[in-house]
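Single-letter residue listing:
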Protein chains: 2
Amino acid sequence: MEISALQKARYAYRPKLPVILTGPVSDIAIEFGTPTESVADQADLRALFKHSYGKPLARFVKGKNDKITRRLTVGVILSGGQAPGGHNVIAGLYDGLKKGNKDSKLLGFLGGPSGLIENKVVEITDAFMDEYRNTGGFDMIGSGRTKIETPEQFAASLETAKKLGLDAVVIIGGDDSNTNAALLAEYFLEKGEKIQVIGCPKTIDGDLKNEHIETSFGFDTATKTYSELIGNIERDANSAKKYWHFIKLMGRSASHIALECALQTQPNICLISEEVEAKKLSLGQIVDQICDSIVKRAANKENFGVVLIPEGLVEFVPEMKKLIAELNDLMAHYADEFAGLSGFETQAAWLGKKLSAESAKVFASLPAEIAKQLLMDRDPHGNVQVSRIETEKLLIGMVEQRLAELKKTGSYTGKFSALAHFFGYEGRCAFPSNFDADYTYALGFTAFVLIASGLTGYLSSVKNLTAPADQWVAGGVPLTMMMNMEQRHGSKKPVIRKALVELDGKPFKAFAAKRAEWAVKTSFLFPGAIQYYGPSEVCDQPTKTLILEHS
Amino acid sequence: MEISALQKARYAYRPKLPVILTGPVSDIAIEFGTPTESVADQADLRALFKHSYGKPLARFVKGKNDKITRRLTVGVILSGGQAPGGHNVIAGLYDGLKKGNKDSKLLGFLGGPSGLIENKVVEITDAFMDEYRNTGGFDMIGSGRTKIETPEQFAASLETAKKLGLDAVVIIGGDDSNTNAALLAEYFLEKGEKIQVIGCPKTIDGDLKNEHIETSFGFDTATKTYSELIGNIERDANSAKKYWHFIKLMGRSASHIALECALQTQPNICLISEEVEAKKLSLGQIVDQICDSIVKRAANKENFGVVLIPEGLVEFVPEMKKLIAELNDLMAHYADEFAGLSGFETQAAWLGKKLSAESAKVFASLPAEIAKQLLMDRDPHGNVQVSRIETEKLLIGMVEQRLAELKKTGSYTGKFSALAHFFGYEGRCAFPSNFDADYTYALGFTAFVLIASGLTGYLSSVKNLTAPADQWVAGGVPLTMMMNMEQRHGSKKPVIRKALVELDGKPFKAFAAKRAEWAVKTSFLFPGAIQYYGPSEVCDQPTKTLILEHS
């Protein structure tokens, strides 16, 4: 296998660990807190998780641990979208297992949770592991989005686990995957099986965090990669002085990625979905906000700039949410009639009569290309595919219209030429930053200690992340502690609560304090490419979000 | 001014120089070769460049140079699109001038060549220079695309130069800008003025190179940045195993960028415009080539992959070139009639009757979105804007159609889901790689030596670039030597000959030898982010193109 020079060099990187994990494993004891409660809906969750609800927090301390050196067989699953560092979770888990007992075995389930259901598995050996240390991607064993949901799937998972003689399953995933881990842990307990389940907090989106999980892994590397690109584009904008760049950033519902990138690059505008929702902003108001910056900068002869847009924005704009819901209803209800309408103009005229007055007005205000996208790109259930909406182009189109109006009134005399970008896949499989390489390795090693100590239904937890790695604090957080009940597909389901951007949190406040200045005055920052070597202030810094949250 | 940690660290980087440039400047003598000839059209060019044609090659050697320490005033211009390293050309020139004589002055013309015409200028001081060392972008003095063409512009340029007491002008630019440098040098000589003109070879596109210019600066950094992103996307594709990514890459007409990125990342497909033209491939043949890979990979259950597409592709497809020419003619000739046609269907029907049979067939075969783009996105002269054509989406649409046909015949049973990307602005303003930082600094210093030695009409030249920097060979190449006559806007003009990808050159041959394997077998390489620190094999390597050309 031919590999790049960087990949070869990264093989030699030794991830840093909390000091507790660097000594003999038999010296790692568990200190338990008091029983915990879920963040909401305690009664419902206690009923659903009869055997696993309310366990105490676990923290590693120096002490005797006799169980830890016994021979173990563990299976590991990568679940959901890629995030940099997944391979190092496996490496930390592998090295921990082998340190505990050289005869312990680690099996990798192929292609995500379906690997467990269908018993598709590979044994991880030294040579195999060494090919993936400190690398990006989930290509070592693949990932998948299958959920273990039906009774048959749970039964099949148990059957695989028993067939393979597993002591434990480690699920590396986001909020949904870890909800699944909690259900699987409960299922095994209910069936009287000793197979343990441990989760690890993964997602570039940064929305799996709480009091005990300071950040999900991958967020650091992904935001640094996007910030590299945004900074490069800012520098280009400031050099050519002729384009406004509208950059959409991956991140699902939450705006953590956009916010972190804004803190790293200081663009003229960064929209935050959570704020749009809280303030009930209309598309028109968002466009006005952008145009305000464009007009002021044009007055300073700066006909260029950068706008960051979180992927989930349109769903947080109340009027768009309403329009999309109405479109979904109408097209489901009048599927045949709608299918009989030929051409966009005919469809638009028909919708004009069927939509509520408010939604009809919003629909009519959309640039034609976007309106067409809403009608054409539908999922197999006929629903509008919100993630396919090119929000960056939608906003460019509406800004152009608004600026043309302002030009007529004489309040704007600048030039506006815009370019659209979308960054997402570029950052999910980068080589993990030193921070993510260390953090994930520690998470994996911690998962081993939790397993070897007999715990189940826990999320691997490594805290105090803004301190040097040797001072990090390792332990476990009961999965049920992070859960509440939410409406999903018409019924209440237990889920890990998603962390959205908090408008009274320090990262947002730091941004809000500066954005009026950034909107007018060019204040771009150019972070450059992620560095794995060099001065510590260049290559070892955590995200600004994490630093601010800890300040 | 707030700056990033990397920017601060990069300020401290000391670019490496050829050994000849590291000693006392008065020990750098010039060794001249014999008179040179242009690459073609010698008689025409000799007539056009009466005072500057045919000068000898210049090479720096150890020896006495008395002139070099005299006090000089030099103006510098950044011309055209951004390329990483522009600021270091200025730094090398500045440091050379100050080393020669501490009272020498460097003036920066603002916003490109128009700064010279309009006398918009800033003096470069130590403090100002230090803010831009080893940084990306052209924001130090800005750039622009104005050409010095009319007699008035030439006269105004001379007037500015005299007003400022300039000894020389340095133009940092691509083939067009350096053609302009040659014309300006000739103009000053013709007017009996002693103002010298020196060019520096800039362009990320890599198409300004020849026997004496091994590469243009910026190509190294830009291709490394794009390759980082392509590699990350490849790793994502190989992890998720569900998308084909179609990635268009900046680079104007030439496919050097796409080829270099292919050598660095080993994608399944990389189209090379020069080959498409040489083999007179139709869109259908290109689509067949892509589908062949998709079908074979699907048979191996690999329903994912990566396709690289050079920006200029459509202009190299003979049938598309013809179609675009016909559309431009028709829409110019029947402008009013065409403007009266409402709706795409009406326009398409009208065109169906007016286009030649061949072009009508091609037009009808295009996905609707692309056909609409051809008719809508026209420049102020009414011409189709080729650079706006979303070739990546065009190919996706045509591949989908073709796969649907193959599915009917039973010869394809895979799944095809595609994502489109375009990388360009992300790479033009990155922090220059160590290679580009060193190379540009050496080019700037070399420009100083050429000026101080009294030369004009030369391009700064640094050769032997695959050796360590101390072994690089510095000198100057007469601009007229690289020129020929080409048809531009209806008349023959002197221009520097553009270097396209040579199909019998080593880089293309290395790619061609491997691509059949890459098309079927996943052979991705993940170069990762540009590193400025760390092991030399990671942070100091030139491009594969340069290494192959020197092998």
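Model, not experiment: these values are computed from the prediction. (Residues numbered from 1 in each chain as written. Chains lettered and ligands numbered in written order. Predicted model: local features only at pLDDT ≥ 70, side-chain atom pairs only at ≥ 80, totals over all residues. Heavy atoms only, no water.)

Asker: Can you help me understand the packing of aromatic side chains in this one?
Answerer: When we look at a pair of aromatic rings, we describe it by the centre distance and by the angle of the planes. Applying the stated criterion across every chain yields a total of 28 aromatic pairs over all chains. Ring centres 6.1 Å apart and planes at 55 degrees place the aromatic pair Phe511 of chain B and Trp518 of chain B in the tilted group. Side by side, Phe511 of chain B and Trp518 of chain B carry an identical accessibility label, which is buried. One aromatic cluster is present, built from ring pairs that chain together Phe154, Tyr187 and Phe188 of chain A. Taking NZ or CZ as reference, Lys248 of chain A lies 4.8 Å from the ring centre of Phe422 of chain A, over its face. Here the guanidinium or amino end of Arg297 of chain B rests over the ring plane of Phe304 of chain B, the centre of that ring lying 4.9 Å away. (Phe/Tyr/Trp six-rings, centres within 6.5 Å; stacked < 30°, edge-to-face > 60°. Buried < 20%, exposed > 50% of the residue type's maximum accessible area, 1.4 Å probe, protein only. Lys NZ or Arg CZ within 6 Å of the ring centre and 35° of its normal.)

Asker: I tried to follow the relation of the copies chain A and chain B on my own but got confused; where do I start?
Answerer: Note that the two copies of the chain are related through a rotation about an axis and a translation along the same axis. Overlaying chain A with chain B gives an RMSD of 0.0 Å, the required rotation being 180 degrees about an axis along which the chain moves by 0.0 Å. One copy is carried onto the other by what is essentially a two-fold rotation axis. When the interface residues of chain A are mapped onto chain B, 100% of them again lie at the interface, so the same face is used by both copies. (Least-squares fit on C-alpha atoms with pLDDT ≥ 70 in both. Contact = heavy atoms within 4.5 Å.)

Asker: What is the right way to look at the domain arrangement of chain A in this model?
Answerer: A common way to state how big an interface is: give the accessible area lost once the parts meet. Per the domain assignment, the segments of chain A are domain 1 (17-218 + 429-496), domain 2 (229-311 + 389-426 + 501-531) and domain 3 (313-386). Measuring from the centre of the C-alpha atoms in domain 1 of chain A to the corresponding centre in domain 3 of chain A gives 42 Å. (Domains from an automatic or database assignment.)

Asker: Quick question: what am I supposed to make of the sheet that holds strand β6 (residues 168-173) of chain B here?
Answerer: Hydrogen bonds between backbone atoms are what pair the strands of a sheet, whose relative direction is either parallel or antiparallel. Residue and element names in this part refer to chain B. Ordered in space as β1-β2-β13-β12-β7-β6-β3-β4-β5, the nine strands form an open sheet in which the pairing is mixed. Since the sheet does not close on itself, it has two edges, and those belong to β1 (28-35) and β5 (121-123), each with one partner. On average, adjacent strands in this sheet sit at an angle of 25 degrees to one another, irrespective of strand direction. Sheet analysis places strand β12 (residues 458-463) next to strand β13 (residues 473-478), joined by six bridges and oriented antiparallel. Each residue of the ladder has a partner; that of Val462, found in β13, is Ala474. (Pairing = 2+ DSSP bridges. Helix = DSSP H or I, 4+ residues; strand = E, 2+ residues; numbered from the N terminus. Axes fitted to C-alpha atoms, helices over the stretch in contact; angles between N-to-C directions.)

Asker: Even after reading the chapter, I still don't get the environment of Leu465 of chain A, so can you show me in this structure?
Answerer: Residue and element names in this part refer to chain A. Positionally, Leu465 belongs in the loop between β12 (458-463) and β13 (473-478). For the pair Leu465 and Pro542, spaced 77 residues apart in sequence, the C-alpha separation works out to 7.9 Å. Not counting chain neighbours up to four residues away, the residues in contact with Leu465 comprise Glu214, Thr215, Phe435, Tyr439, Trp472, Leu546 and His550.

Asker: What should I look at first to understand the packing of helix α8 (residues 219-240) of chain A against helix α8 (residues 219-240) of chain B in this one?
Answerer: Angle between the axes and distance between the axes: these two values describe a pair of packed helices. Packing of α8 of chain A against α8 of chain B leaves a shortest axis separation of 12 Å and a crossing angle of 145 degrees. The element α8 of chain A and its partner α8 of chain B pack so that their crossing is left-handed. The segment α8 of chain A lies against α8 of chain B, with Thr225, Glu228, Leu229 and Asn232 of chain A engaging Thr225, Glu228, Leu229 and Asn232 of chain B. For the contact of α8 of chain A with α8 of chain B, a count of residues per class yields two nonpolar, four polar and two charged. (Left-handed = near helix turned anticlockwise from the far one by under 90°. Nonpolar A, V, L, I, M, F, W, Y, C, P; charged D, E, K, R; others polar.)

Asker: Just to check I follow, could you spell out the sheet that holds β13 of chain A for this structure?
Answerer: All names here are of chain A. The strand order across the open sheet formed by nine strands is β1-β2-β13-β12-β7-β6-β3-β4-β5, and the pairing between neighbours is mixed. Both outer strands of the open sheet, β1 (28-35) and β5 (121-123), are each paired with one neighbouring strand and no more. Strand-to-strand twist of the sheet, defined as the mean angle between neighbouring strand axes without regard to direction, takes the value 25 degrees. Alignment of strand β4 (residues 105-109) against β5, held across three bridges, turns out to be antiparallel. By the bridge assignment for β5, Leu107 is matched with Glu123.

Asker: For this particular structure, what's the right way to read the environment of Ile213 of chain A?
Answerer: All names here are of chain A. If you trace the backbone, Ile213 turns up in the loop between β7 (196-201) and α8. Look at Ile213 and you get buried, because its relative accessible area is 2%. In this structure, the C-alpha to C-alpha distance between Ile213 and Ala237, residues 24 residues apart in sequence, is 37 Å. With residues up to four places along the chain from it excluded, the contact list for Ile213 reads Pro201, Leu208, Leu459, Ser460, Ser461, Val477 and Met482.

Asker: Can you help me understand the interface of chain A and chain B in this one?
Answerer: Chain A puts 58 residues into the contact, and the matching count from chain B is 58 residues. Approximately 4500 Å² of surface area, both sides summed, lies buried where chain A meets chain B, with 51% of it carried by carbon and sulfur atoms. Scanning the region where chain A abuts chain B turns up six salt bridges. Arg428 of chain B serves as the salt-bridge partner of Asp236 of chain A, at 2.7 Å between the closest nitrogen and oxygen. Applying the counting rule to chain A against chain B returns 24 residue pairs in polar contact (both at pLDDT 80 or more). Elements with a minimum of two residues in the side of chain A that touches chain B: α1 (5-11), α8, α17 (368-376), β11 (418-423) and α21 (536-539) of chain A. Take the side of chain A that touches chain B: its biggest share by element is ten residues, from α8 of chain A. (Buried area = accessible area lost by both parts, 1.4 Å probe. Salt bridge = Lys/Arg side-chain N within 4 Å of Asp/Glu carboxyl O. Polar contact = N/O pair within 3.5 Å; in protein donor to acceptor, adjacent residues only side chain to side chain.)

Asker: It is not clear to me how helix α7 (residues 175-190) of chain B should be interpreted in this structure. Could you clarify?
Answerer: Owing to its 3.6 residues per turn, the α-helix aligns residues three or four sequence positions apart on the same side. Residues and elements named next belong to chain B. The end-to-end C-alpha distance of α7 is 22 Å, a good match for the 22 Å that 16 residues give at a rise of 1.5 Å each. With twelve of 16 residues buried, α7 lies mostly within the body of the structure. Among all positions of α7, only Asp175, Ser177, Asn178, Thr179, Asn180, Ala181, Ala182, Leu184, Ala185, Glu186, Tyr187 and Phe188 are buried. Immediately beyond the C-terminal end of α7, within one or two residues, lies Gly192, with a positive phi of roughly 75 degrees. (Expected span 1.5 Å × (residues − 1).)

Asker: I would appreciate a short explanation of the packing of helix α3 (residues 86-100) of chain B against helix α19 (residues 434-452) of chain B in the present structure.
Answerer: Residue and element names in this part refer to chain B. The interhelical angle for the contact between α3 and α19, taken along N-to-C directions, is 40 degrees, at an axis separation of 6 Å. Between α3 and α19, the crossing angle belongs to the class labelled oblique. Taken as a pair, α3 and α19 cross one another with a handedness that is right-handed. Mapping the contact onto sequence places Asn88, Val89, Ala91, Gly92, Leu93, Asp95, Gly96, Leu97, Lys99 and Gly100 in α3 and Ala437, Thr440, Tyr441, Gly444, Phe445, Ala447, Phe448 and Ile451 in α19. For the contact of α3 with α19, the class distribution of residues is ten nonpolar, six polar and two charged. (Parallel < 35°, antiparallel > 145°, perpendicular 65-115°, else oblique.)

Asker: Before we go on, may I ask you to explain the side chain of Ser4 of chain A in this structure?
Answerer: Tracing the chain through its elements places Ser4 of chain A in the segment before α1. Of the residues examined, Ser4 of chain A reaches a relative accessible area of 9% and is grouped as buried. Among the polar contacts made by the side chain of Ser4 of chain A, one reaches the main-chain carbonyl oxygen of Phe526 of chain B at a distance of 2.7 Å.

Asker: Would you mind going over the UniProt feature "binding site: Mg(2+)" (unreviewed entry) in chain A with me for this structure?
Answerer: All names here are of chain A. The UniProt feature table records "binding site: Mg(2+)" (unreviewed entry) at Asp175. Here Asp175 shows up in helix α7 (residues 175-190). For Asp175, a relative accessible area of 9% puts it in the buried group. Leave out the neighbours within four places in its chain, and Asp175 touches Leu208, Ile496 and Lys498. (UniProt positions renumbered as here; feature names shortened; annotations may be inferred.)

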